[in-house]
Amino acid sequence: MNALSTSFFQIQPDTDGEKLMTAIRDLPISGVELDYRLPAPVFHQICPALRTAGIPVASLHNFCPLPLDFLKTGGSGDLFSLSDIRRDERQEAVKRTLQTIEHAHDLEAKAVVLHCGRVDMPAETQALYERFRQENTLSQDTRLWLEGKIAARDRLKPAHLDALCFSLEKLLTAADRRHVLLGLETRYHYHELPGPDDFEPLLQKFDGAPIGYWHDTGHAFINEQLGLIAEGRLLGNLSDRLIGMHLHDAEGLEDHLPPGSGRIDFAALASQMAPGVLQVLELRPGTPVDAVRQGLAHLATCFKDHK
(Lines give C-alpha, C1' and ligand atoms only; values in the text may rest on other atoms or scores of the structure.)
Protein backbone atom coordinates (compact mmCIF):
# COMPACT_ATOMS: atom_id res chain seq x y z
CA MET A 1 0.00 0.00 0.00
CA ASN A 2 1.34 3.44 -0.98
CA ALA A 3 -0.10 5.65 1.74
CA LEU A 4 0.34 9.31 2.60
CA SER A 5 0.57 10.68 6.13
CA THR A 6 -1.65 13.65 6.85
CA SER A 7 1.53 15.26 8.27
CA PHE A 8 2.07 17.11 4.96
CA PHE A 9 -0.96 19.32 5.60
CA GLN A 10 -0.45 22.48 7.67
CA ILE A 11 -3.02 22.28 10.45
CA GLN A 12 -4.29 25.62 11.75
CA PRO A 13 -6.59 26.23 14.76
CA ASP A 14 -9.49 26.85 12.36
CA THR A 15 -8.63 24.11 9.84
CA ASP A 16 -11.64 22.66 8.05
CA GLY A 17 -11.28 18.94 7.45
CA GLU A 18 -12.79 19.34 4.00
CA LYS A 19 -9.68 21.27 2.86
CA LEU A 20 -7.53 18.33 3.90
CA MET A 21 -9.88 15.91 2.17
CA THR A 22 -9.75 17.97 -1.04
CA ALA A 23 -5.96 17.73 -1.05
CA ILE A 24 -6.02 13.98 -0.33
CA ARG A 25 -8.60 13.18 -3.02
CA ASP A 26 -6.45 14.93 -5.63
CA LEU A 27 -3.39 12.74 -5.01
CA PRO A 28 -2.53 9.29 -6.46
CA ILE A 29 -2.52 7.36 -3.19
CA SER A 30 -4.07 4.11 -2.04
CA GLY A 31 -4.40 4.99 1.66
CA VAL A 32 -3.56 7.44 4.43
CA GLU A 33 -1.88 7.51 7.79
CA LEU A 34 -3.62 9.73 10.31
CA ASP A 35 -0.92 11.52 12.26
CA TYR A 36 -0.65 13.03 15.72
CA ARG A 37 -1.22 16.61 14.55
CA LEU A 38 -4.88 16.02 13.70
CA PRO A 39 -7.10 17.77 16.27
CA ALA A 40 -10.04 15.70 17.41
CA PRO A 41 -12.65 17.79 15.47
CA VAL A 42 -10.73 17.43 12.18
CA PHE A 43 -10.14 13.73 12.87
CA HIS A 44 -13.84 13.09 13.39
CA GLN A 45 -14.66 15.13 10.30
CA ILE A 46 -12.35 13.35 7.87
CA CYS A 47 -12.79 9.76 9.05
CA PRO A 48 -16.31 9.37 7.57
CA ALA A 49 -15.22 11.37 4.52
CA LEU A 50 -12.35 8.93 3.90
CA ARG A 51 -14.75 6.00 4.15
CA THR A 52 -17.16 7.65 1.70
CA ALA A 53 -14.30 8.33 -0.71
CA GLY A 54 -13.12 4.73 -0.49
CA ILE A 55 -9.70 5.72 0.85
CA PRO A 56 -8.54 3.24 3.50
CA VAL A 57 -6.68 4.21 6.65
CA ALA A 58 -3.44 2.24 6.65
CA SER A 59 -2.13 3.34 10.04
CA LEU A 60 -2.38 5.84 12.87
CA HIS A 61 0.56 7.63 14.43
CA ASN A 62 0.24 7.76 18.19
CA PHE A 63 -1.18 9.90 19.79
CA CYS A 64 -4.11 10.35 17.44
CA PRO A 65 -6.27 12.35 17.44
CA LEU A 66 -4.67 15.32 19.20
CA PRO A 67 -6.68 15.95 22.38
CA LEU A 68 -8.25 19.40 22.54
CA ASP A 69 -6.51 20.16 25.84
CA PHE A 70 -3.15 19.83 24.02
CA LEU A 71 -4.15 21.77 20.90
CA LYS A 72 -1.66 24.58 21.55
CA THR A 73 1.25 22.10 21.42
CA GLY A 74 0.60 21.40 17.74
CA GLY A 75 0.70 17.70 18.48
CA SER A 76 3.58 15.31 19.08
CA GLY A 77 4.31 11.63 19.16
CA ASP A 78 6.02 12.42 22.46
CA LEU A 79 3.19 14.14 24.33
CA PHE A 80 3.29 11.24 26.79
CA SER A 81 6.10 8.78 27.48
CA LEU A 82 5.57 5.03 27.52
CA SER A 83 9.00 4.63 29.14
CA ASP A 84 8.53 7.16 31.93
CA ILE A 85 9.74 5.72 35.23
CA ARG A 86 7.03 7.70 37.04
CA ARG A 87 4.03 5.40 37.32
CA ASP A 88 1.30 8.03 36.90
CA GLU A 89 2.96 9.54 33.83
CA ARG A 90 3.43 6.13 32.26
CA GLN A 91 -0.15 5.13 32.93
CA GLU A 92 -1.38 8.29 31.21
CA ALA A 93 0.70 7.39 28.14
CA VAL A 94 -0.77 3.88 28.14
CA LYS A 95 -4.31 5.21 28.47
CA ARG A 96 -3.85 7.61 25.55
CA THR A 97 -2.24 4.90 23.40
CA LEU A 98 -5.10 2.52 24.11
CA GLN A 99 -7.43 5.17 22.70
CA THR A 100 -5.36 5.33 19.50
CA ILE A 101 -5.47 1.52 19.21
CA GLU A 102 -9.25 1.64 19.60
CA HIS A 103 -9.52 4.22 16.82
CA ALA A 104 -7.28 2.08 14.61
CA HIS A 105 -9.56 -0.89 15.16
CA ASP A 106 -12.67 1.16 14.36
CA LEU A 107 -11.06 2.42 11.14
CA GLU A 108 -9.79 -1.05 10.18
CA ALA A 109 -6.22 0.29 10.11
CA LYS A 110 -3.43 -2.26 10.13
CA ALA A 111 -1.01 -0.55 12.51
CA VAL A 112 -0.31 2.09 15.14
CA VAL A 113 3.14 3.72 15.03
CA LEU A 114 4.70 4.36 18.44
CA HIS A 115 7.24 6.76 19.85
CA CYS A 116 8.32 5.09 23.07
CA GLY A 117 9.79 7.92 25.11
CA ARG A 118 13.34 8.76 26.08
CA VAL A 119 16.01 8.41 28.73
CA ASP A 120 15.65 11.25 31.20
CA MET A 121 19.01 13.00 30.93
CA PRO A 122 20.65 16.27 29.79
CA ALA A 123 21.05 15.05 26.21
CA GLU A 124 22.43 18.28 24.68
CA THR A 125 21.22 17.18 21.25
CA GLN A 126 21.30 20.71 19.83
CA ALA A 127 24.96 20.98 20.81
CA LEU A 128 25.64 17.73 18.96
CA TYR A 129 23.86 18.94 15.82
CA GLU A 130 25.67 22.27 15.92
CA ARG A 131 28.98 20.45 16.14
CA PHE A 132 27.97 18.38 13.11
CA ARG A 133 27.03 21.48 11.11
CA GLN A 134 30.29 23.22 11.94
CA GLU A 135 32.54 20.25 11.33
CA ASN A 136 30.64 18.53 8.50
CA THR A 137 32.26 15.28 9.60
CA LEU A 138 32.51 14.72 13.32
CA SER A 139 35.91 15.43 14.84
CA GLN A 140 37.69 13.14 17.27
CA ASP A 141 36.86 15.59 20.06
CA THR A 142 33.15 15.43 19.24
CA ARG A 143 33.21 11.65 18.98
CA LEU A 144 34.75 11.40 22.46
CA TRP A 145 32.15 13.85 23.78
CA LEU A 146 29.37 11.79 22.19
CA GLU A 147 30.78 8.54 23.58
CA GLY A 148 30.54 10.06 27.05
CA LYS A 149 26.92 11.03 26.43
CA ILE A 150 26.04 7.56 25.19
CA ALA A 151 27.73 5.99 28.22
CA ALA A 152 25.62 8.23 30.48
CA ARG A 153 22.50 7.22 28.54
CA ASP A 154 23.31 3.53 28.86
CA ARG A 155 23.70 3.80 32.64
CA LEU A 156 20.19 5.25 32.94
CA LYS A 157 18.49 3.28 30.16
CA PRO A 158 17.64 -0.04 31.92
CA ALA A 159 15.02 1.53 34.20
CA HIS A 160 13.35 3.21 31.23
CA LEU A 161 13.36 0.01 29.19
CA ASP A 162 11.74 -1.83 32.09
CA ALA A 163 9.07 0.86 32.21
CA LEU A 164 8.56 0.55 28.45
CA CYS A 165 8.10 -3.20 28.76
CA PHE A 166 5.41 -2.68 31.42
CA SER A 167 3.62 -0.37 29.00
CA LEU A 168 3.96 -2.70 26.02
CA GLU A 169 2.59 -5.66 27.96
CA LYS A 170 -0.67 -3.78 28.52
CA LEU A 171 -0.80 -2.35 25.01
CA LEU A 172 -0.13 -5.63 23.25
CA THR A 173 -2.99 -7.33 25.05
CA ALA A 174 -5.34 -4.68 23.67
CA ALA A 175 -3.70 -4.65 20.23
CA ASP A 176 -4.04 -8.42 19.92
CA ARG A 177 -7.71 -8.23 20.85
CA ARG A 178 -8.25 -5.42 18.32
CA HIS A 179 -6.18 -7.03 15.52
CA VAL A 180 -3.83 -4.04 15.33
CA LEU A 181 -0.04 -4.18 14.90
CA LEU A 182 2.21 -1.91 16.98
CA GLY A 183 5.22 -0.48 15.16
CA LEU A 184 8.30 0.59 17.14
CA GLU A 185 9.72 3.49 15.15
CA THR A 186 13.34 4.42 14.45
CA ARG A 187 14.09 7.45 16.58
CA TYR A 188 15.82 10.71 15.68
CA HIS A 189 17.63 11.66 18.93
CA TYR A 190 20.25 9.37 20.45
CA HIS A 191 18.60 9.33 23.90
CA GLU A 192 15.17 8.29 22.60
CA LEU A 193 13.82 4.75 22.82
CA PRO A 194 14.15 2.24 21.37
CA GLY A 195 17.80 2.90 20.58
CA PRO A 196 19.48 1.00 17.73
CA ASP A 197 20.50 -1.84 20.05
CA ASP A 198 17.12 -2.08 21.75
CA PHE A 199 14.85 -3.20 18.90
CA GLU A 200 16.00 -6.81 18.66
CA PRO A 201 15.78 -7.58 22.42
CA LEU A 202 12.35 -5.94 22.65
CA LEU A 203 10.99 -7.80 19.63
CA GLN A 204 12.42 -11.07 20.94
CA LYS A 205 10.86 -10.47 24.35
CA PHE A 206 7.45 -10.01 22.75
CA ASP A 207 7.89 -12.61 20.03
CA GLY A 208 4.51 -13.82 18.81
CA ALA A 209 2.74 -10.62 19.86
CA PRO A 210 1.38 -8.11 17.31
CA ILE A 211 4.49 -5.94 17.30
CA GLY A 212 7.20 -5.17 14.78
CA TYR A 213 9.79 -2.71 13.55
CA TRP A 214 8.74 0.53 11.83
CA HIS A 215 11.62 1.95 9.81
CA ASP A 216 11.90 5.72 9.37
CA THR A 217 14.16 6.49 6.41
CA GLY A 218 15.11 10.02 7.43
CA HIS A 219 15.76 9.22 11.07
CA ALA A 220 17.98 6.27 10.13
CA PHE A 221 19.89 8.39 7.58
CA ILE A 222 20.62 11.11 10.15
CA ASN A 223 21.78 8.59 12.74
CA GLU A 224 24.11 7.18 10.10
CA GLN A 225 25.45 10.66 9.35
CA LEU A 226 26.18 11.17 13.04
CA GLY A 227 28.02 7.87 13.24
CA LEU A 228 25.51 6.43 15.71
CA ILE A 229 24.74 3.43 13.48
CA ALA A 230 26.45 1.86 10.49
CA GLU A 231 24.90 2.54 7.11
CA GLY A 232 22.02 0.15 6.42
CA ARG A 233 22.46 -1.67 9.73
CA LEU A 234 19.03 -1.14 11.25
CA LEU A 235 16.97 -2.19 8.26
CA GLY A 236 19.39 -4.98 7.42
CA ASN A 237 19.14 -6.48 10.91
CA LEU A 238 15.40 -5.98 11.33
CA SER A 239 13.98 -6.55 7.85
CA ASP A 240 12.38 -9.83 8.95
CA ARG A 241 10.39 -7.94 11.62
CA LEU A 242 9.55 -4.95 9.42
CA ILE A 243 5.86 -4.03 9.31
CA GLY A 244 6.00 -0.52 7.90
CA MET A 245 8.10 2.43 6.78
CA HIS A 246 7.93 6.19 6.98
CA LEU A 247 9.37 7.27 3.66
CA HIS A 248 10.94 10.70 3.33
CA ASP A 249 14.19 12.10 2.03
CA ALA A 250 17.01 13.75 3.99
CA GLU A 251 20.03 15.95 3.47
CA GLY A 252 22.46 16.63 6.31
CA LEU A 253 20.27 16.87 9.43
CA GLU A 254 17.13 17.91 7.51
CA ASP A 255 14.51 15.24 6.93
CA HIS A 256 10.85 14.82 5.99
CA LEU A 257 11.72 16.07 2.52
CA PRO A 258 9.98 14.80 -0.64
CA PRO A 259 11.68 11.68 -2.02
CA GLY A 260 14.06 12.60 -4.81
CA SER A 261 15.11 15.89 -3.22
CA GLY A 262 17.75 14.49 -0.85
CA ARG A 263 20.35 11.74 -0.61
CA ILE A 264 18.37 8.59 0.24
CA ASP A 265 18.40 5.73 -2.28
CA PHE A 266 14.80 4.53 -2.21
CA ALA A 267 15.33 1.90 -4.90
CA ALA A 268 17.86 0.21 -2.61
CA LEU A 269 15.37 0.35 0.27
CA ALA A 270 12.66 -1.22 -1.87
CA SER A 271 14.82 -4.28 -2.43
CA GLN A 272 14.83 -4.95 1.33
CA MET A 273 11.06 -4.82 1.80
CA ALA A 274 8.95 -7.93 1.95
CA PRO A 275 5.51 -7.90 0.32
CA GLY A 276 2.81 -6.41 2.53
CA VAL A 277 5.04 -3.93 4.36
CA LEU A 278 3.17 -0.62 4.77
CA GLN A 279 4.70 2.26 2.84
CA VAL A 280 3.79 5.70 4.19
CA LEU A 281 5.09 8.96 2.73
CA GLU A 282 5.61 11.25 5.74
CA LEU A 283 6.41 14.87 4.86
CA ARG A 284 6.81 18.01 6.92
CA PRO A 285 3.74 20.22 7.50
CA GLY A 286 3.21 22.79 4.78
CA THR A 287 4.71 20.72 1.97
CA PRO A 288 3.06 21.97 -1.27
CA VAL A 289 0.76 19.50 -2.99
CA ASP A 290 2.90 19.64 -6.14
CA ALA A 291 5.94 18.58 -4.08
CA VAL A 292 3.91 15.76 -2.53
CA ARG A 293 2.95 14.62 -6.02
CA GLN A 294 6.58 14.69 -7.18
CA GLY A 295 7.63 12.65 -4.15
CA LEU A 296 4.95 10.07 -4.84
CA ALA A 297 6.07 9.83 -8.47
CA HIS A 298 9.68 9.26 -7.38
CA LEU A 299 8.59 6.49 -4.99
CA ALA A 300 6.44 4.90 -7.69
CA THR A 301 9.52 4.63 -9.90
CA CYS A 302 11.71 3.24 -7.12
CA PHE A 303 9.09 0.79 -5.85
CA LYS A 304 7.62 -0.27 -9.20
CA ASP A 305 8.49 -3.93 -8.65
CA HIS A 306 7.38 -4.01 -5.00
CA LYS A 307 3.87 -5.16 -4.07
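Scroll up for the structure.
Residues numbered from 1 in each chain as written. Predicted model: local features only at pLDDT ≥ 70, side-chain atom pairs only at ≥ 80, totals over all residues. Heavy atoms only, no water.

Trainee: Requested: an account of helix α7 (residues 217–225), with residues and values cited.
Mentor: The buried fraction of α7 amounts to seven of the nine residues, a majority that puts the element mostly inside the structure. Looking at α7, one finds that the buried residues are T217, G218, H219, A220, F221, I222 and N223. Packing partners of the buried residues in α7 comprise β5 (181–185), β6 (211–216), β7 (242–247), β8 (249–251), β9 (254–257) and α9 (266–270). Between a side-chain oxygen at the N-terminus of α7 and the backbone nitrogen of G218 the separation is 3.2 Å; the capping residue is D216. Count one or two residues on from α7 and you reach G227, which has phi positive near 75°. (Buried < 20%, exposed > 50% of the residue type's maximum accessible area, 1.4 Å probe, protein only. Helix = DSSP H or I, 4+ residues; strand = E, 2+ residues; numbered from the N terminus. Contact = heavy atoms within 4.5 Å. Polar contact = N/O pair within 3.5 Å; in protein donor to acceptor, adjacent residues only side chain to side chain.)

Trainee: I'd like a description of the side chain of R96, backed by residues and values.
Mentor: Take R96: it is sitting in helix α3 (residues 87–106). The class for R96 is buried, based on a relative accessible area of 14%. Polar side-chain contacts of R96 include one of 2.8 Å to the side chain of E92. Setting aside residues no more than four positions away along its own chain, R96 makes contact with N62, F63, P67, D69, F70 and F80.

Trainee: I'd like a description of the packing of aromatic side chains, backed by residues and values.
Mentor: Under the counting rule described, the total for this entry stands at five aromatic pairs. Ring plane angle 85° and centroid distance 5.0 Å describe the contact between F63 and F80, whose orientation is recorded as edge-to-face. A residue pair is termed long-range when its members are at least 10 positions apart, and F63 in the loop between β3 (57–61) and α3 and F80 in the loop between β3 and α3 qualify at 17 residues. Each member of the pair, F63 as well as F80, carries the same accessibility label: buried. Taken together, a centroid distance of 4.9 Å and an interplanar angle of 70° make the contact between F199 and Y213 edge-to-face. Remark: Y213 occurs in strand β6 and F199 occurs in helix α6 (residues 199–205); sequence separation between them is 14 residues. For F199, a relative accessible area of 1% corresponds to the buried category. When the ring centre of W145 is taken as reference, the NZ or CZ atom of R131 above it lies at 4.6 Å. The lysine or arginine in question, K205, covers the ring of F206, its NZ or CZ lying 5.8 Å from the ring centre. (Phe/Tyr/Trp six-rings, centres within 6.5 Å; stacked < 30°, edge-to-face > 60°. Lys NZ or Arg CZ within 6 Å of the ring centre and 35° of its normal.)

Trainee: I'd like to hear about the pairing of β6, residue by residue, with values.
Mentor: When a strand is regular, its side chains alternate between the sheet's two faces. With respect to burial, β6 is a largely interior element, six of its six residues being buried. Sheet analysis places β5 next to β6, joined by four bridges and oriented parallel. Bridge pairing in β6 places L182 opposite I211. Tracing the backbone out of β5, into α6 and back to the parallel element β6 gives a crossover that is right-handed. Note that β6 and β7 share four bridges and pair parallel. Its bridge partner being in β7, D216 is matched across the sheet by H246. (Pairing = 2+ DSSP bridges. Right-handed = clockwise from strand over helix to strand, strands pointing away.)

Trainee: Can you lay out empty space enclosed by the protein for me, pointing to particular residues and giving the numbers?
Mentor: Counted according to the given criterion, the structure contains two cavities of 30 Å³ or more. Counted as a void, the largest cavity has a volume near 80 Å³. Every residue lining the largest cavity is counted, 13 residues in all, and those nearest its centre are R187, P194, G195, P196 and N223. Looking at the lining of the largest cavity residue by residue, the class counts come to six nonpolar, four polar and three charged. Counted as a void, the second largest cavity has a volume near 30 Å³. Lining the second largest cavity are P196, F199, E200, R233, L234, N237 and L238. Elements supplying a minimum of two residues to the lining of the second largest cavity: α6 and α8 (233–238). Among the elements that line the lining of the second largest cavity, the one with the most residues is α8, at four residues. (1 Å grid on protein atoms, 1.4 Å probe; cavity = no way out; pocket = protein on both sides within 12 Å on 5 of 7 lines; lining within 4 Å. Points joined across faces, edges and corners; volume = space filled by probe spheres on them. Nonpolar A, V, L, I, M, F, W, Y, C, P; charged D, E, K, R; others polar.)

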